[in-house]
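Structural overview
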There are 2 protein chains.
Amino acid sequence: MKIKGITITLFSLALVIVIKAEEGMWLLSQIKDLKLEQKGFQISADEIYNSDKTAIADAIVWLGGCSASFVSDDGLLLTNHHCAYGALQRNSAKDSIDYIKNGFLAQERSQELPAIGQNAYVLESVKDVTAEVIAIAKDLEDIAEKEKAIEQKIAQIEKAVEGDREDLLCQVATMYNGKQYIQYLFKKYQDVRIVFAPPEGIGKYGGEIDNWMWPRHTGDFTYLRVYQASDGSGAKYSPDNIPVKPKNHLKIAQTDLKAGDMTFILGFPGRTMRYRTSYSSNWNLNRNYIPSIKEFQEILSVIENLSRDNQDVAIKLANFEAVFNNVMKNYQGNVDGMKKSNFIAKKRAFEQELLNYLKSKPKLQKKYGDVLNQIGTQYALIEKSYDYDWTLDTFQGYGIGVLYRLASKAYDVARERAKPEADRKPEFSEKKVRESIGRIDDAYLGFYEPFDKAMLKRALTKAAALPEEQRIAELDYIIKSDLGIEGWIEAAFQKTGLKDAAYVKALYEKSAEEIEALGDPLLDLAIRLYEPSERKYERDKVWNAKIKNLRGEYIDALYAWKGKKLYPDANGTMRFTYGAVRGYSPADAIFYQPFTTLKGVLEKSTDIEPFDAPAKLAELHQKKDFGKWVDPELNDVPACFLCLGDITGGNSGSAVMNARGELIGLAFDGNYEAMTSDWLYDPEIQRTIAVDIRYVMFITEKFAGADYLLKEMGL
Amino acid sequence: MKIKGITITLFSLALVIVIKAEEGMWLLSQIKDLKLEQKGFQISADEIYNSDKTAIADAIVWLGGCSASFVSDDGLLLTNHHCAYGALQRNSAKDSIDYIKNGFLAQERSQELPAIGQNAYVLESVKDVTAEVIAIAKDLEDIAEKEKAIEQKIAQIEKAVEGDREDLLCQVATMYNGKQYIQYLFKKYQDVRIVFAPPEGIGKYGGEIDNWMWPRHTGDFTYLRVYQASDGSGAKYSPDNIPVKPKNHLKIAQTDLKAGDMTFILGFPGRTMRYRTSYSSNWNLNRNYIPSIKEFQEILSVIENLSRDNQDVAIKLANFEAVFNNVMKNYQGNVDGMKKSNFIAKKRAFEQELLNYLKSKPKLQKKYGDVLNQIGTQYALIEKSYDYDWTLDTFQGYGIGVLYRLASKAYDVARERAKPEADRKPEFSEKKVRESIGRIDDAYLGFYEPFDKAMLKRALTKAAALPEEQRIAELDYIIKSDLGIEGWIEAAFQKTGLKDAAYVKALYEKSAEEIEALGDPLLDLAIRLYEPSERKYERDKVWNAKIKNLRGEYIDALYAWKGKKLYPDANGTMRFTYGAVRGYSPADAIFYQPFTTLKGVLEKSTDIEPFDAPAKLAELHQKKDFGKWVDPELNDVPACFLCLGDITGGNSGSAVMNARGELIGLAFDGNYEAMTSDWLYDPEIQRTIAVDIRYVMFITEKFAGADYLLKEMGL
């Protein structure tokens, strides 16, 4: 990949003092400043990322929400089992074969399964477009107008770069709340296939019980393969497609990994809030995490009731369930962590220090003295309509059910398409609309009518319970109807045409008026909620512009005070992080060692999900049939390990490499004790949890007998 | 103390090879053979126990179920908080002051509380009486008759030694299933007072959640003081009594304890089954532990329902609850441990090895070849009447309620007293009867009528559910009555006189016929169950004699095979055990360090019971006001520590000493991972959990300000 014409702003140039040892999700352009040669690296920054020639970063792949890496020159990818979980679930629902429970191994390439709903994105170039973006807004005074102009400019750049290519994805990412804008161009491959996924008793071993936990024994890996058309384009599945020849692929490490060894990670961390204020933390704690956990519990208990004793339904809802469980445990960890560490109070004390400092510097005081106060005012503003907003958002969320989501999307598309493309919301470009249509069939693989009804009932019941002054009047026609909520839902699901994918696809050909004329009850509900949602969208846009601007000022104030080198908050762009293999102490008198073993896998085994390790693992352990994947110190196959890399959601599947740049594992989790790490890095307790590549290879070779994959990886 | 005229049997002389490093609950007479000087001890075996002069063992005290040690020459005792818990509960019920929750500190001796129901036993002499005991049975052929003769001989010895002294207790203990008999003579002190018990938020910190667990943060200690009459007798409480001047008392260690340091423990371990067969283990697992756990859960849920929102009831039932919880967790740990380790299968494999060995030695085969088989036959026998026996035992147990227990005891006494004293069951000697009468008042401190009724209902309902062929016909008059079980109980509790202690005491003046004539419904129930219980008693006696004999043969067979030095199973007699301070690995990738700290106490604190550490602890930690009790390496006050000593229930409160014989802690628990340790010692995972004496002294000095106690202990 290449970074063209980087505009280094004064801001980023000036930041030269390192913050905390090993904290940081660094931009590719910052790697060279990290003095890696002093930290035990045996390769240079240049070999990790290089704008002019092939480097390790060229083997790193984005899966849209997860990370992965090429491990052969035939497009073979390694990522986490949980990253391929959605595809496994959809393929299982389609084929009525439980690929999650049983795993899947293609004995040869022709057997590989097209991974439904899975794309792979390979970064082609990086370009700093800050100057171009901010120029557009430089004469505008109003912050919301400025922001709108920037948003339009970004959409314009993205569209211009992509042209009409379906296999390109251009994203201009906002760094440091608008101090910097970087354009990332990806090649989008739409034909990704499942090569080898271990059975759930390996790949999801420990399930929700062990999720976020250490010691961990999950073989959280799956092999995919990326295909392209013979003309090199990232076309959709075709039997004629050929494996991608990646610019670079990672080598599997064949030396042992030990505690203390340096490691690094390249991947796509999703979102951190490291530079947020106490107002933001407090709002997220009390107005997001805590109420969300309650809602997740409600949804999960519905899933559990419906799935019990019904394996087909369980498969249909498996991905929903996994996602909700995962996010819920993350939120709970944030709540626990924030409460345990008195997080908000500490943030406030820190801010008080900043305020005291500013007071001592009249010039800075004038510039930044009111910024915290203004951020507080913004949060007070959204507090006023909180119940209304929270409930309205339920109708937009993942937990509203498949049919209503399809209805709402189709009507939104019709309304947006009535505008010139330049005036549309960015997510309604013609290209994005086409992509939405392409996902319609897949959506039904997660559709189960009783669940859909239950989700809609939940949302409407919440709306019915709103206090009068925050009520969503547009829902009165249901809530106050003689049918009642349940009666209305029964009738609506009886009458709606949305259970038919062809009907939904046809909606995308219709104008808003035509959709309104259909009289489809689920569409009618989406139509009724369109106006209030639009009003909220506009309100949010203004609020977001203001808060983005204030957060930028707050970071400026922090910099003026501390003068340290900063990395931008994670935002889904490729980042570099590093740190040694190291255990930690989760509590008084307990030390967690950094390696688990196959023996530990078997010790947890109860034969009951999620601890249902396949019997063959015990046999292999019994016979000490470890191949070359045994660690001489552990005298066993290492299962998972801990290292200090600074990662977050989105890094799942990321390659973890040793000081020589060889693949030693796949990051798949963070530890529970550090779940507030999105807010604050703590090197004492924050760890990356990775599946050891020796376990991956052991399972591939000894458990699955997929020798051809090892050969392909040059082993 | 003195051991007079020890008869060392051939058996014990011959056992000279040590079994496993640091396994063993050694008899006092065996200490000298342990080569302590090679193990880092800085004192000799002679200084630990010496039949001719004062030694450390003279400072060790038995509390009847717990252990303790003198720590001043004014009779000051240190034991566990949970050992004094019964007394604290009874004193709380009597005074309507919650000494459990609030703790208790006597500001001076006159304020010390007579510890209701608590005696202290100081060992005066030890004598091997094997020759005398076995001589009595040498001409008898029938095993049951042999056993009966031995039992009578033992009773006769005990009575002869005690004479009519109320303050003497003589116990002839059976070692190695009858290979050796040792007579222990104790001075019994009946005036024990509570000096200082910390509040529950220290002394029972972590409660049932942390019980059996490491890392542990419980300040499980209480100070008692032993009083005697001015004539030196162990008289009951009198304001004129004076503190005992013990022959010896322990010195509080004032040097730091570190990982790896050698430690030893003297105390009274209750019961182990180290030499049992797979038949016994299997029976205990499936016919004792598992069904008992179910019953404990039932009883605990009754206690919980009754105690909720009623502090007075909670105090009354606190001791029951603690005992049931403790035993239940022990049983559950045994079940988990046995299942996890495939314990029964391993025992069977071990026995198969023995059988194979015996087959290879015709002489041994002839002697021992059938012993396992015969043990199996015995267990098959009790299987036949299992449901009947189990239910009948419910009416004898701790979980039958106070009133029925008093009724049953009083009637049994009347029946036994009708016999010449020599023919009575040993527990019905006149002296023991007097002691029973002395405990009647205390019993009512744990009496709560709804609980009593619920317990009786539980037992009768169990009986009603018995299969016809195992039914207890004597209960038909209740079970098949028109009133029904509940109706009968209501009427019985209405009518009975047993709620009045004077009425109960008067029963002890009556003959069986007089009691029968009373027509008291609870007594009537006891009368009805007398005959079936007697029949079972006789049946059990024969079975026990046979199994004891077979177990003796089995141990002989083991010895013939392995030829190793053995210690007798724990049986409540004083034992010595030793081992280093050491952590352990409870599971893959986890290491438990051997010290917890005050910081760890505070980290667990939630202000909610059982993690309601007093606020003052946090203040002291904040100010680092640790006195001289800070550990320089931990830079904190150590709370608890782990060592390798081999202990079990009964050792609670035992002094843990360093290589110089100074007091470094009080043993109060074993770890959950080793809960099957009563069956099998495993040095990898079995640990003693002790409260560090530095924490005890820190709480005494800094938390309670009881400087006078430190002064008394010479600090």
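Fair warning: this is a prediction, and the values are worked out from it, not measured in the lab.

1. Notes on the overall build of chain A
When you go through chain A residue by residue, the secondary structure sums to 26 helices and 22 strands. Its C-alpha atoms give chain A a radius of gyration of 26 Å, within 12% of the compact-globule value 27 Å for 715 residues. By principal-axis analysis of the C-alpha atoms, chain A measures approximately 70 × 70 × 55 Å. Classification of the 715 residues of chain A by burial places 58% in the buried group. If you take every contact in chain A between residues at least 6 apart in sequence, the share linking residues at least 24 apart comes to 79%. Carbon and sulfur atoms make up 51% of the accessible area of chain A, which totals about 28,900 Å². Computed over 94 positive and 104 negative side-chain charges, the inter-centroid distance for chain A is 4 Å.

2. A few points about the environment of Leu507(B)
All names here are of chain B. Relative to the helices and strands, Leu507 resides in helix α20 (residues 501–507). Residue Leu507 is classed as buried on the basis of its relative accessible area, which comes to 0%. Non-local contacts of Leu507, meaning those with residues more than four positions away in its chain, are made with Ala410, Leu498, Ile515, Leu518 and Leu523.

3. Regarding the packing of helix α17 (residues 449–464) of chain A against helix α19 (residues 484–495) of chain A
All names here are of chain A. At a minimum axis distance of 10 Å, the contact between α17 and α19 shows a crossing angle of 140°. The pairing of α17 with α19 is recorded here as oblique in orientation. Classified by chirality, the crossing of α19 by α17 is right-handed. Between α17 and α19, the residues in contact are Glu449, Asp452, Lys453, Leu456, Lys457, Leu460, Thr461 and Ala464 and Ile485, Glu486, Trp488, Ile489, Glu490 and Phe493, respectively. Residue composition of the contact of α17 with α19, by class: seven nonpolar, one polar and six charged.

4. A closer look at the relation of the copies chain B and chain A
The transform that puts chain B on chain A rotates by 179° and translates by 0.0 Å along the axis, for an RMSD of 0.1 Å. Such a combination of turn and shift is consistent with a two-fold rotation axis. By C-alpha distance to the rotation axis, the residue of chain B lying nearest is Phe591(B), at 2.6 Å.

5. A short note on the confidence of the model for chain A
Regions with low pLDDT should not have their predicted coordinates read in detail. Scored by pLDDT, chain A comes out at a mean of 93, with 97% of its residues at no less than 70. Here the complex is predicted with pTM 0.86, and the ipTM for its interfaces comes to 0.84.

6. A look at the packing of aromatic side chains
In total, this model carries 73 aromatic pairs over all chains according to the counting rule given. Here Tyr444(A) and Phe447(A) contribute two aromatic rings whose centre-to-centre distance is 6.1 Å and whose plane-to-plane angle is 80°, an arrangement assigned as edge-to-face. Exposure class is identical for Tyr444(A) and Phe447(A). Each is buried. Each ring, one from Phe186(B) and one from Phe268(B), has its centre 6.1 Å from the other, and the planes form 50°; the classification is tilted. With a gap of 82 residues between them, Phe186(B) in strand β10 (residues 180–189) and Phe268(B) in the loop between β14 (262–267) and α9 (278–307) connect regions that are remote in the sequence.

7. Observations regarding helix α10 (residues 311–340) of chain B
Along α10(B), the helix axis deviates most sharply at Leu317(B), where the bend reaches about 50°. Immediately beyond the C-terminal end of α10(B), within one or two residues, lies Asn342(B), with a positive phi of roughly 55°.

8. Topic: the state of the cysteines
All names here are of chain A. The tally for this structure, following the rule as stated, stands at two disulfides over all chains. The partner cysteine of Cys66 in its disulfide is Cys83, sulfur to sulfur 2.1 Å. Judged by the sign of its S-S torsion, about -80°, the bond between Cys66 and Cys83 is left-handed. Note that Cys66 is positioned in the loop between β3 (60–62) and β4 (67–70) and Cys83 in the loop between β5 (76–79) and α3 (85–95), a separation of 17 residues in sequence. Accessibility classification places Cys66 together with Cys83 in one group, the buried group.

9. A closer look at the sheet that holds strand β17 (residues 590–592) of chain A
Strand order in the open sheet formed by four strands is β16(A)-β17(A)-β17(B)-β16(B), with antiparallel pairing between adjacent strands. Here the strands that pair on one side only, and so sit at the sheet edges, are β16 (584–587) of chain A together with β16 (584–587) of chain B. Averaged over all pairs of adjacent strands, the angle between strand axes in this sheet comes to 35°, irrespective of strand direction. Bridge analysis of β17(A) against strand β17 (residues 590–592) of chain B gives three bridges, and the strand direction is antiparallel. Each bridged residue has a counterpart across the sheet, and for Ile590(A) the counterpart in β17(B) is Tyr592(B).

10. A few points about the domain arrangement of chain A
Residue and element names in this part refer to chain A. Along its sequence, chain A is organised into domain 1 (2–273 + 569–712) and domain 2 (278–560). Taken together, the contact between domain 1 and domain 2 spans 45 residues of the former and 43 residues of the latter. Between domain 1 and domain 2, roughly 3,800 Å² of surface is buried when both sides are summed, and carbon and sulfur atoms account for 57% of that area. The interface formed by domain 1 and domain 2 contains seven salt bridges. Note that Glu162 is salt-bridged to Lys431, the shortest N-O span being 2.6 Å. Taken together, the connections running from domain 1 to domain 2 amount to 22 residue pairs in polar contact (both at pLDDT 80 or more). Listed by contribution, the elements that provide at least two residues to the side of domain 1 that touches domain 2 are α1 (10–14), α3, α6 (143–162), β9 (168–175), β10 (180–189) and α8 (207–210). Looking at the side of domain 1 that touches domain 2, the element that brings in the most residues is α6, giving eight residues. Its residues assigned to classes, the side of domain 1 that touches domain 2 comprises 20 nonpolar, 10 polar and 15 charged.

Rules used in this analysis
- Residues numbered from 1 in each chain as written.
- Chains lettered and ligands numbered in written order.
- Predicted model: local features only at pLDDT ≥ 70, side-chain atom pairs only at ≥ 80, totals over all residues.
- Heavy atoms only, no water.
- Helix = DSSP H or I, 4+ residues; strand = E, 2+ residues; numbered from the N terminus.
- Rg over C-alpha atoms; globule rule 2.2 N^0.38 Å.
- Buried < 20%, exposed > 50% of the residue type's maximum accessible area, 1.4 Å probe, protein only.
- Contact = heavy atoms within 4.5 Å.
- Areas by Shrake-Rupley, 256 points an atom, 1.4 Å probe, with all protein chains shown as cover.
- Lys, Arg positive; Asp, Glu negative; His and termini not counted.
- Charge placed at Lys NZ, Arg CZ, Asp CG, Glu CD.
- Axes fitted to C-alpha atoms, helices over the stretch in contact; angles between N-to-C directions.
- Parallel < 35°, antiparallel > 145°, perpendicular 65-115°, else oblique.
- Left-handed = near helix turned anticlockwise from the far one by under 90°.
- Nonpolar A, V, L, I, M, F, W, Y, C, P; charged D, E, K, R; others polar.
- Least-squares fit on C-alpha atoms with pLDDT ≥ 70 in both.
- pLDDT = per-residue confidence, 0-100.
- Phe/Tyr/Trp six-rings, centres within 6.5 Å; stacked < 30°, edge-to-face > 60°.
- Bend = angle between axes of the 7 residues up to and from the residue.
- Disulfide = S-S within 2.5 Å.
- Pairing = 2+ DSSP bridges.
- Domains from an automatic or database assignment.
- Buried area = accessible area lost by both parts, 1.4 Å probe.
- Salt bridge = Lys/Arg side-chain N within 4 Å of Asp/Glu carboxyl O.
- Polar contact = N/O pair within 3.5 Å; in protein donor to acceptor, adjacent residues only side chain to side chain.

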